[in-house]
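Descriptive structure summary
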Amino acid sequence: MRLLRLNLTSWILVGFILGIVTGLFFGDLCSVMKPFSEAFIKIWQITILPSVALSLIVGIGSLKRNTAKAIALKAFLILLLLWVICVVGYFSFQLAFPPRMEASFFSTQDLAVKGDLNLIDQFIPSNPFLSLSDGIIPATVLFCLFLGFALMLDDGNGPILNILRSLLRALDRMTHIISRTFPVGIFVITAVTAGTLTFEGFLDLQVFLITLAAAAILLGLVVMPLLVTCFTTFHYRDIIAASSRAMLLAFSTGTEFITLPLITDGVENLFSGRVHTPDTGNASVMDPVGDQEQDPGRGDVRSYSEILVPVAYTFPLLGGLVPFLFILFVAWLYQNPLSLVEQLKLVVVGIPSFFGSSKLSVISLLDLMHLPADAYNLYISSGILRQAFVAPLSVISIFSFSTITIALTTNRARFRWKRAIMSILVVLLLAALLIAGLHAGFTYLLAGTYHGSDRITGMELPPDPEGNRLDRIVNTTVYLHREDVPAIVPAASDRKDEIRQIRERGVLRVGYNSNNVPFVFFNDKGELVGYDVEMAYDLARTLNVSRIEFVPITGTTLAESLDSGYCDIIMSAVMVNEERLDQMKFTDPTVTVHLSFVVPDGKKEEFTQLDAVQKMDGLRVAVYNNTALVKVAHQLLPRATIVPIDSKEEFFAGGKADALMIPAEEGYTLTLQYPFFDVAIIEPYDSYLMMYGYPVAKDSSESYLLALNYWITMEKDYGMLEKKYDYWVLGKIPGSVEPRWSVVRNVLHWTA
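Residues numbered from 1 in each chain as written. Predicted model: local features only at pLDDT ≥ 70, side-chain atom pairs only at ≥ 80, totals over all residues. Heavy atoms only, no water.

So, about the pattern of salt bridges. Under the defined criterion, the tally for this structure stands at 18 salt bridges. A salt bridge links Arg500 to Asp497, with the nearest nitrogen and oxygen atoms 3.7 Å apart. Within the structure, one salt-bridge network assembled from shared partners comprises Asp538, Arg541, Glu715 and Lys724. (Salt bridge = Lys/Arg side-chain N within 4 Å of Asp/Glu carboxyl O.)

As structure tokens, then:
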């Protein structure tokens, strides 16, 4: 049987569909193909930047001086207008993104210093070859534009342009060869994404695609045609009819390049008054400025459109600026919304970068905006559906740009203020309705998808290497109230050999405070768990005792609890400071934490600089009562009102303060339970550090303290401290993420 011969676009679609099917069938087993997906992405970038550079040089350099002079200023002004409309449109649609209930454990990446964006390095090509090699697109584009204009002013540029055209054709052939890998590459990338994307992640991706579709409809079918009607005397229906064939072809093929001849014909037909309506196929003859079908300037329209349409294709217009919406979506997705200054920087750097490939610009902008590079896979995997809207947007923007510029150049433009005002009102009304509707729909769609609180409250003590529960190996008693704790009769050799005394009575008494998530807290089963709790079990086994008792303490009773023999050691995120060193002895530090504020979402940037916080009027800062942070808060914030609290609910639900001062490592776990709050780590990160250690009585023997420090050193040297830190503080919980649903696992049961 003869196989069907499919074009490249069809094969890409086949690869896309097979990738989805493969991802659904094999699930997260497809992750083994991730290195290949990264390889394909790098291969596709080989010819992009050189092609962009040569296209700009040849395109600008080939223009005739008289033609360029006639249309340059007008085209530039219209281009700026389209960019303004596009930026305002895409950035407005970020308001459609719903409030995102998302939080995470503490991450060392939060301590990475973000480098400032150097606009001079981005735009000034002091070394054009370095800009090319480093992929700095704005600087490369600026150099190419200058070189193109310089060649345009040289009457003897023919041989150079011919050589550059030959190189460009060679790059086109390379691109054509590389494009043969598109179906396979799209299959691999889509399979990896579909196989590892969670249901919640799929819902999140829908937010981008649906928002893009809404923005494309508004900008492509409403804003651009109305803009043309404001600058010309053409009617909305005729503009849609003149551009419809090219838009439909772009929508069906996902590319605007093959529609350029149709756009040129559409512009000419619009000015000549011959427009073929898509419903009847008959010519709709219009007469906006007299009998334009016999207009002697028709030849000028054709020549101008043959110049402007290809030139406009090389400029980023509505379709080319879609990555703006994607970057804003990624910022929302990863709970890292861009500030106003960051958004302005995104616009300034983004527009020049879009002269190149959108794929390359997305990689660059993700890096510049300090967003996860893995988000690029979402951009690639959404390519088929994304291009269905990007290509028609590019077509209508090229059409509108060419039509308005030609009208201005041939003195056929007539700006109509009344229509412009009415168009603006219509667009604003439709945009408001669309954005409000999307916001409500997304809020409903994503409702109930947040389970961050379960991640912390569901944590349990990890089993030992043999798979046994720690509280089964060591008998455990947890006292909730101090008055329930039985007294211990001090031994005659008190404080002389503490380890022998603990072994003789067979019980290790550990003081705890359950307000120290993730170091000490009760999970949803009522079990006492946490970093220090696991350390306490390790200490009990090291001392070879069969029983451990956890007894409650507060920050004001630390020294008294130890001196009286109420407990042997306190293991509950106790901060080491000068005052406490006078009252107790401390082991070597086990953890270093970072001072921070927990604040409502949207206020994080206001609390990262301590000097700015110190200047705030009427600031109320909550601090856990009877802790060392009470004194720290008074010292660092003399103008603020310090509000001692006994439980986290007093701050999160009671609204007693504007911010909660707490170590960042504890603050992040609280935001898992209260996702509409964020953590602002005080900068610089290495200047506001605190150390946690385990206090023992002031008169404890040196041998006791030496033994404890030796035990901590062994824990550190064997990687046990790091393992506990990863589990409790960073939230790296083995098996905490359910395997993605797949046919082989959940239907055929071929794998566990």
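On to helix 29 (residues 664-673). The buried fraction of helix 29 is high, at 9 of 10 residues. Looking at helix 29, one finds that the buried residues are Ala664, Glu665, Glu666, Gly667, Tyr668, Thr669, Leu670, Thr671 and Leu672. (Buried < 20%, exposed > 50% of the residue type's maximum accessible area, 1.4 Å probe, protein only. Helix = DSSP H or I, 4+ residues; strand = E, 2+ residues; numbered from the N terminus.)

Our next topic: the sheet that holds strand 3 (residues 475-478). As summarised here, the arrangement of the 4 strands in space is 3-7-4-8, forming an open sheet in which the pairing is parallel. Every other strand in the sheet has two partners, leaving strand 3 and strand 8 (569-570) as the edge strands with one partner each. Bridge count between strand 4 (residues 507-512) and strand 8: 2 bridges; the pairing is parallel. When the bridges of strand 8 are listed, Gly511 appears paired with Ile570. (Pairing = 2+ DSSP bridges.)

Moving on, we come to the pairing of strand 4. Of all 6 residues in strand 4, 6 are buried; the element is thus mostly enclosed. Side-chain alternation along strand 4 places Val507, Arg509 and Gly511 on one buried face and Leu508, Val510 and Tyr512 on a second face that is also buried. Where strand 4 and strand 7 (residues 547-552) come together, 6 bridges link them in parallel fashion. Residue pairing in the sheet places Val510 in a bridge with Phe550 of strand 7.

Attention shifts here to the packing of aromatic side chains. Tallying each qualifying case throughout the model produces 26 aromatic pairs. For the ring pair Phe329 and Trp332, a centre distance of 5.8 Å and an interplane angle of 35 degrees mean the geometry is tilted. Of this pair, Phe329 and Trp332 both sit in helix 14 (residues 322-333), 3 residues apart, roughly one helical turn. Residues Phe329 and Trp332 agree in their burial class; the two are buried. Grouping aromatic residues by their ring pairs yields a cluster made of Phe97, Phe208, Phe326, Phe329, Trp332 and Tyr379. The residue whose ring lies beneath Arg386 is Tyr379, and the NZ or CZ to ring-centre distance is 3.7 Å. (Phe/Tyr/Trp six-rings, centres within 6.5 Å; stacked < 30°, edge-to-face > 60°. Lys NZ or Arg CZ within 6 Å of the ring centre and 35° of its normal.)

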